Amino acid sequence: MIHPPEPFRIKTIEPIKLIDRDKRKTALNNAGYNVFNIRSEDIFIDLMTDSGTSAMSHNQWSAIMKGDEAYAGARSFYRLAETMEQIFGFKYFVPTHQGRAAENILSSLLVREGQYIPSNMHFDTTDANIRAQGGLPINLVIKEAFEPTNHHPFKGNIDIEALRSFINNVGVENIPFGMITITNNAGGGQPVSLENLKLVSATYHEYKIPFFIDACRYAENAYFIKLREAGSETKSVHEISKEVFALADGATMSAKKDGMVNIGGFLAMNDEELFLKVKNMLILREGFPTYGGLAGRDLDAIAVGLWEGLDEDYLDYRLKQTAYLSSKLVALGIPVIAPPGGHAVYVDAGTLFPHIPQNEFPGQALSVALYLEGGIRAIEIGSVMFAHLDEKTGEVIYPELEMVRLAIPRRVYTQSHLDYVVDVFSKIKSKLETIRGFKITYEPELLRHFSAQFELL
Ligand SMILES: Cc1ncc(COP(=O)(O)O)c(C=O)c1O
C-alpha cells in the first residue's frame, strides 16, 4: 500500500528531536514508567493521542484573529451556532472546554446511583463520568469487535439483540439515556454503520430512552459509511452526518478530534427542559452558555475546523494514512486489529507478547518499549486502562484485548515519520522475548492510566 500524498503543504514547522537512549531510559525511570509523565520535548514521535494534537489550517488561524472575547453574546458563538445548525441540526447546544466536560454535565444531570448507560463501548472519560455518579456504563458492541483478525466492516456496531434484552432485564426506568460512540475508540477506532445507528435509535426510542451520540470522530465514521455501506456511496459525508444526527436526541463531542482544534467540545440536545438544566450547570462549572469555558477565538477555530473535518479529500488521505501504517506493520508480522480504524492503528500487544500475562500489562510493556527503542509515545488501551474490580465478587475483570493505540494526529506527521515508527517496531520484534511486564506501585481510584506508577518485573 502506498502512502497518500498530503492534501496540504507545510507552512510552519515545529522542531522535534530524538534524545539518546540513556536519556530515554532516565526519562522513563523518572516517569515511573508512565509515558503520560514524560515531557513532550523528550518525545520524538508522539502517537499518544489524536485529541487536541491536530495542526490547524491557515483559515483556522485567521478565524482566531476574529475571535470576539465578549463575556456574553459573542459573535464567535453565533458563528459556531450556525455551523452547529448546519452540521448537527440539534435544537440546542452549549460549548464546553472539552468532551469530558459535556459528559460530566450530562451524567451529573441524568445519572442516578445504580442506573445503567448502554453503548457500543464507552471511552475512558465517559465510563468514568458515569461511574462518578454511581452509574454503570454497559458495553454492548458486537462480538466481532473482540476478534482482532476479523475484517468486519463495522466492528463498532451495537449488538441489537443484546441491547433489547439488556433493556428488558434491567428495566427502562433504570436507563436514563443510551449512547453510542462513533467511531468506537475503545474498540479499535472502528466505525458504526448507518443501518446499525438506525436500529439503535429505533430501539432506544421504542422504549422512550433518550439517545445521545458520542460524536468525537463522526466525520471519519461518516466517511467509512460512504466507503463501505451500500446505499451511501453517492451521498456526501456532510449528508451522511446529518442523517446520523437526525436519529439522535443529542450528542457529546470533543472537538479536539474531528473538530480539528486543540481545545473545545460541546453538548447538544433537542430537549428544552434538559437544555435549561444544562445551561445552569454549565454556568456553575464551565462558564456562560455563549462561551462555555472557551475563549471566543476557540469557538471560531471550531466553527472553521468542523467544516475542514468533513472535507472528503482530507478524509480520504486521513483514512489511507492510517491504513498505510497498519499495512506496513502487518507486513512486518506485528499483530494489529483489523481492519485499521480511522484515527489510529491498534497493536494487539497480548498476542505480540504471549509471555506477559494480563496482570503484568503487555500493552504497558509495549508502550515502554516503543519509547525506549525509538522515542515514540503511544497509549496502552488494555488492563491498565480498563481492568476493574467486580464489586460483587471482588475479582479483577480484565478487558478482552490488550492493545496499544498508535493514534495519528491530524495533518501533523508525514510518510517518513510513519516509516520510522515501522523501523522501531522492527527493532522491538528482534527482541520480543527480552521485553518484560510491569506491576503497578501507585494508582488513583478512577482513570488510573493517567497517573499510575509502575515497576519493571
Ligand atoms: C470517544 C471519546 N469520547 C470522549 C473523549 C473525551 O474527550 P476529551 O479528551 O476532549 O475530554 C475522547 C477523548 O479521547 C474520546 O476518544
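Source: prediction; values computed, not measured. (Residues numbered from 1 in each chain as written. Predicted model: local features only at pLDDT ≥ 70, side-chain atom pairs only at ≥ 80, totals over all residues. Heavy atoms only, no water.)

Peer 1: Honestly, the site of the ligand in this entry has me stumped. Any pointers?
Peer 2: If you check the shell around the ligand, you find 15 residues, and the closest are Arg100, Asn185, Asp214, Ser254 and Lys257. With respect to the ligand, the side chain of Gln98 contributes an N or O atom lying 3.0 Å from an oxygen atom. Within the complex, 96% of the 390 Å² of free accessible area of the ligand lies under protein. Among the elements that line the shell around the ligand, the one with the most residues is helix 4 (residues 99-110), at three residues. Considering only residue class, the shell around the ligand consists of two nonpolar, seven polar and six charged. (Near = heavy atom within 4 Å. Polar contact = N/O pair within 3.5 Å; in protein donor to acceptor, adjacent residues only side chain to side chain. Areas by Shrake-Rupley, 256 points an atom, 1.4 Å probe, with all protein chains shown as cover. Helix = DSSP H or I, 4+ residues; strand = E, 2+ residues; numbered from the N terminus. Nonpolar A, V, L, I, M, F, W, Y, C, P; charged D, E, K, R; others polar.)

Peer 1: What am I meant to see in the nonpolar core here?
Peer 2: Soluble, globular proteins show a tendency: their nonpolar side chains are buried together. Counting 65 residues, the largest nonpolar core has Leu325, Leu329, Leu366, Leu370, Leu406 and Phe425 as the members making the most contacts within it. For this core, the leading source of residues is helix 14 (residues 362-374), giving seven residues. Not counting chain neighbours up to four residues away, the residues in contact with Leu370 comprise Gly375, Ile376, Ala378, Val404, Leu406, Val424, Phe425 and Ile428. Grouped together as the second largest cluster of nonpolar side chains are 61 residues, Ile160, Ile213, Met260 and Tyr314 included. (Core = buried A, V, L, I, M, F, W, Y, C linked by side-chain atoms within 4.5 Å. Buried < 20%, exposed > 50% of the residue type's maximum accessible area, 1.4 Å probe, protein only. Contact = heavy atoms within 4.5 Å.)

Peer 1: Got a minute to help me understand a nonpolar patch on the surface in this structure?
Peer 2: A grouping of Tyr71, Ile283 and Phe288 is seen on the molecular surface, where their side chains present a nonpolar patch of about 310 Å² in accessible area. Relative to the assigned elements, Phe288 resides in the loop between helix 10 (272-285) and helix 11 (296-309). (Patch = residues over 30% accessible without salt bridge, like charges linked within 9 Å, V, L, I, M, F, W, Y side chains within 5 Å. Salt bridge = Lys/Arg side-chain N within 4 Å of Asp/Glu carboxyl O.)

Peer 1: Got a minute to help me understand the sheet that holds strand 5 (residues 178-181) in this structure?
Peer 2: Whenever strands of a sheet pair, they do so through backbone hydrogen bonds, lying parallel or antiparallel. Overall, mixed pairing links the five strands, which are arranged 2-8-7-6-5 in an open sheet. One side of each edge strand has no neighbouring strand; the edge strands of this open sheet are strand 2 (92-96) and strand 5. Between one strand and the next, the sheet's axes are offset by a mean angle of 15°, whatever the strand orientation. Where strand 2 meets strand 8 (residues 265-269), five bridges bridge the pair, whose relative direction is antiparallel. Across the sheet, residue Tyr92 finds its bridge partner in strand 8, namely Met269. (Pairing = 2+ DSSP bridges. Axes fitted to C-alpha atoms, helices over the stretch in contact; angles between N-to-C directions.)

Peer 1: Help me understand the packing of helix 14 against helix 16 (residues 415-429) in this model?
Peer 2: How two helices pack is summed up by the angle between their axes together with the distance between the axes. Taken N-terminus to C-terminus, the directions of helix 14 and helix 16 make an angle of 110°; their axes are 10 Å apart at the nearest point. Viewed along their axes, helix 14 and helix 16 adopt a mutual orientation that is roughly perpendicular. Contact residues: Leu366, Ala369, Leu370, Glu373 and Gly374 in helix 14; Tyr420, Val424, Phe425, Lys427 and Ile428 in helix 16. (Parallel < 35°, antiparallel > 145°, perpendicular 65-115°, else oblique.)

Peer 1: I would appreciate a short explanation of helix 12 (residues 312-332) in the present structure.
Peer 2: Because each turn of an α-helix spans 3.6 residues, side chains separated by three or four positions in sequence point in the same direction. Its 21 residues place the ends of helix 12 30 Å apart at the C-alpha level, agreeing with the 30 Å of an ideal helix rising 1.5 Å per residue. Among all positions in helix 12, only Tyr314, Leu315, Tyr317, Arg318, Leu319, Gln321, Thr322, Ala323, Tyr324, Leu325, Ser326 and Leu329 are buried. Packed against the buried residues of helix 12 are helix 8 (218-228), helix 9 (237-245), helix 11, strand 9 (344-348), strand 13 (403-407) and helix 16. Put simply, Asp311 is the residue that caps the front of helix 12, since its side-chain oxygen is 2.9 Å from the backbone nitrogen of Asp313. Immediately beyond the C-terminal end of helix 12, within one or two residues, lies Gly333, with a positive phi of roughly 90°. (Expected span 1.5 Å × (residues − 1).)

Peer 1: I tried to follow the pattern of salt bridges on my own but got confused; where do I start?
Peer 2: Opposite charge on two side chains allows them to pair when their charged atoms are near. For the structure shown, the criterion picks out 23 salt bridges. Among the ionic pairs, Lys143 bridges to Glu144, the shortest N-O distance being 3.6 Å. Judged by its relative accessible area of 55%, Lys143 falls in the exposed class. Judged by relative accessible area, Glu144 falls into the buried class, the value being 18%. Between Lys235 and Glu243 there is a salt bridge, and its shortest N-O distance comes to 3.2 Å. Note on Lys235: relative accessible area 19%, which makes it buried. The structure contains a network of salt bridges with shared partners spanning Asp50, Arg217, Glu220, Asp258, Arg318 and Arg410.

Peer 1: Looking at this structure, how should I read unusual backbone geometry?
Peer 2: Among all residues except glycine, the phi angle is most often negative; among peptide bonds, the trans geometry is most common. The omega torsion across Ile182 and Thr183 is -15°, close enough to zero to call that bond cis. Of note, Thr183 is situated in the loop between strand 5 and helix 7 (194-206). A cis amide bond, omega -15°, links Ala338 with the succeeding residue Pro339. Secondary-structure assignment places Pro339 in the loop between helix 12 and strand 9. A positive phi angle, near 60°, is found at Met260, a position not held by glycine. With relative accessibility at 0%, the residue Met260 sits in the buried group. Although it is not a glycine, Phe361 sits at a positive phi angle of roughly 60°. With respect to the helices and strands, Phe361 occurs in the loop between helix 13 (349-352) and helix 14.

Peer 1: Explain the environment of Ser232 to me, please; I cannot follow it from the model alone.
Peer 2: One can find Ser232 in the loop between helix 8 and helix 9. As a C-alpha pair, Ser232 and Ala222 span 10 residues in sequence and 9.4 Å in three-dimensional space. Excluding residues within four positions of it along the chain, Ser232 makes contact with Leu194, Ile225, Lys226 and Ile240.

Peer 1: Help me understand the pairing of strand 6 (residues 211-214), please; the structure alone is not making it clear to me.
Peer 2: Put simply, side chains in a regular strand alternate between the two faces of the sheet. Neither face of strand 6 is left uncovered, since the one carrying Phe211 and Ile213 and the one carrying Phe212 and Asp214 both have all their residues buried. Two elements, strand 5 and strand 6, share four bridges in a ladder whose sense is parallel. When the bridges of strand 6 are listed, Met179 appears paired with Phe212. Crossover handedness for the path strand 5 to helix 7 to strand 6: right-handed. Bridge analysis of strand 6 against strand 7 (residues 250-254) gives three bridges, and the strand direction is parallel. Note that in strand 7 the partner of Phe212 across the bridge is Gly250. (Right-handed = clockwise from strand over helix to strand, strands pointing away.)

Peer 1: How should the packing of helix 12 against helix 16 be read in this particular structure?
Peer 2: Direction vectors running N to C along helix 12 and helix 16 enclose 25°, while the axes themselves pass 10 Å from each other. By the angle between their directions, the pair helix 12 and helix 16 is classed as roughly parallel. Crossing of helix 12 over helix 16 shows right-handed handedness. Contact residues: Gln321, Tyr324, Leu325, Lys328, Leu329 and Leu332 in helix 12; Gln415, Leu418, Asp419, Val421, Val422, Phe425, Ser426 and Lys429 in helix 16. Counted by class, the contact of helix 12 with helix 16 contains eight nonpolar, three polar and three charged residues. (Left-handed = near helix turned anticlockwise from the far one by under 90°.)

None of this, on its own, says anything about what the molecule does.
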